[in-house]
Amino acid sequence: MRKQRKFSTEFKRQVVEEYLSGASTAAQLCRKHSISSGLLYHWRKQYLKNSFEADSAREAAQEERIRQLEQALGRSYLENEFLKKALHQSFEQSRKKGSSLPTTETLSKPSRGGANS
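The structure contained in this document is the topic of the report that follows. Being a predicted model, the structure only gives us computed values, none of them experimental.

## Some words on the overall build of the protein
What the protein contains, in helices and strands, is 4 helices and 0 strands. Residues classed as buried in the protein amount to 15% of the 117 residues present. A fraction of 51% describes how many contacts in the protein between residues 6 or more apart in sequence connect residues 24 or more apart. Working note: accessible area of the protein is about 10300 Å², and carbon and sulfur atoms make up 53% of it.

## Some details on the side chain of His33
Of note, His33 is situated in helix H2 (residues 26–33). The buried category is assigned to His33, whose relative accessible area is 19%. Leave out the neighbours within four places in its chain, and His33 touches Arg5, Phe11, Val15 and Glu18.

## Quick notes on the pattern of salt bridges
Tallied over the entire structure, the rule returns 5 salt bridges. Across the salt bridge formed by Glu10 and Arg13, the nearest N and O atoms sit 3.1 Å from each other. Of this pair, Glu10 and Arg13 are both found in helix H1 (residues 9–21), 3 residues apart, which corresponds to roughly one turn of the helix. Looking at Arg13, the relative accessible area reads 15%, which means it is buried. Among the ionic pairs, Glu64 bridges to Arg67, the shortest N-O distance being 2.5 Å. With Glu64 and Arg67 both in helix H4 (residues 51–97) and 3 residues apart, the pair spans about one turn of that helix.

## A short note on the packing of H1 against H2
Two numbers describe how H1 lies on H2: the axes approach to 9 Å, and their chain directions differ by 150°. Taken as axis vectors, H1 and H2 run roughly antiparallel relative to one another. Read as a crossing pair, H1 and H2 show a hand that is right-handed. On the side of H1, the interface is formed by Phe11, Val15, Glu18 and Tyr19, while H2 contributes Ala26, Leu29, Lys32 and His33. Looking at the contact of H1 with H2 residue by residue, the class counts come to 5 nonpolar, 1 polar and 2 charged.

## Considerations on helix H3 (residues 37–48)
Taking 1.5 Å of rise per residue, 12 residues should cover 16 Å, and H3 covers 17 Å from first to last C-alpha, within 8% of that figure. Of the positions making up H3, those classed as buried are Leu40, Trp43 and Gln46. Seen along its axis, H3 keeps its buried residues to an arc of 120°; they face one direction. Residues of H3 that are exposed and angled more than 90 degrees away from the buried face: Lys45 and Leu48. Immediately beyond the C-terminal end of H3, within one or two residues, lies Asn50, with a positive phi of roughly 60°.

## Side note on the environment of Leu40
Relative to the assigned elements, Leu40 resides in helix H3. Along the backbone, Leu40 and Ala26 are 14 residues apart, and their C-alpha atoms lie at a distance of 7.5 Å. For Leu40, the contacting residues outside a window of four places in its chain are Val15, Tyr19, Ala26, Cys30 and Ile35.

Parameters and conventions
- Residues numbered from 1 in each chain as written.
- Predicted model: local features only at pLDDT ≥ 70, side-chain atom pairs only at ≥ 80, totals over all residues.
- Heavy atoms only, no water.
- Helix = DSSP H or I, 4+ residues; strand = E, 2+ residues; numbered from the N terminus.
- Buried < 20%, exposed > 50% of the residue type's maximum accessible area, 1.4 Å probe, protein only.
- Contact = heavy atoms within 4.5 Å.
- Areas by Shrake-Rupley, 256 points an atom, 1.4 Å probe, with all protein chains shown as cover.
- Salt bridge = Lys/Arg side-chain N within 4 Å of Asp/Glu carboxyl O.
- Axes fitted to C-alpha atoms, helices over the stretch in contact; angles between N-to-C directions.
- Parallel < 35°, antiparallel > 145°, perpendicular 65-115°, else oblique.
- Left-handed = near helix turned anticlockwise from the far one by under 90°.
- Nonpolar A, V, L, I, M, F, W, Y, C, P; charged D, E, K, R; others polar.
- Expected span 1.5 Å × (residues − 1).
- Arc of directions from axis to C-beta.

Right, dumping it as C-alpha cells:
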C-alpha cells in the first residue's frame, strides 16, 4: 500500500502561484511535481479562499503547544527522578538507624491470593 504524501503549505503556495502567474501550465506543473491536476485545482481553490494562511497559523499554534508539552514532560521527568533519589536515601537512612518501618523487599514465596492463602 502506498504512503500518502504530505505537502507543506509553503510548497502548495509556491506551486499555485507559479500556476496563477502563467509561468507554467497545469499539465507542466503536475508532471514536474508528480501531482494530479485535481490536487492542483483543489490547492488553487484553497489559495483563493486564503485558507493557506489559516493552515500556517494553526501549524504555528500546534508547534507552540508541542513545545509547551515537551517542557512539561521534561519537568515531570526531573521531578520524578528527584523523588526517586529522595525516597531511596530515606530508606537507606531508615535501614542504618534500624527503623521499625516495613521494608520494600520482596517476599520469599509469591502469594497466589484467594481465601485460603
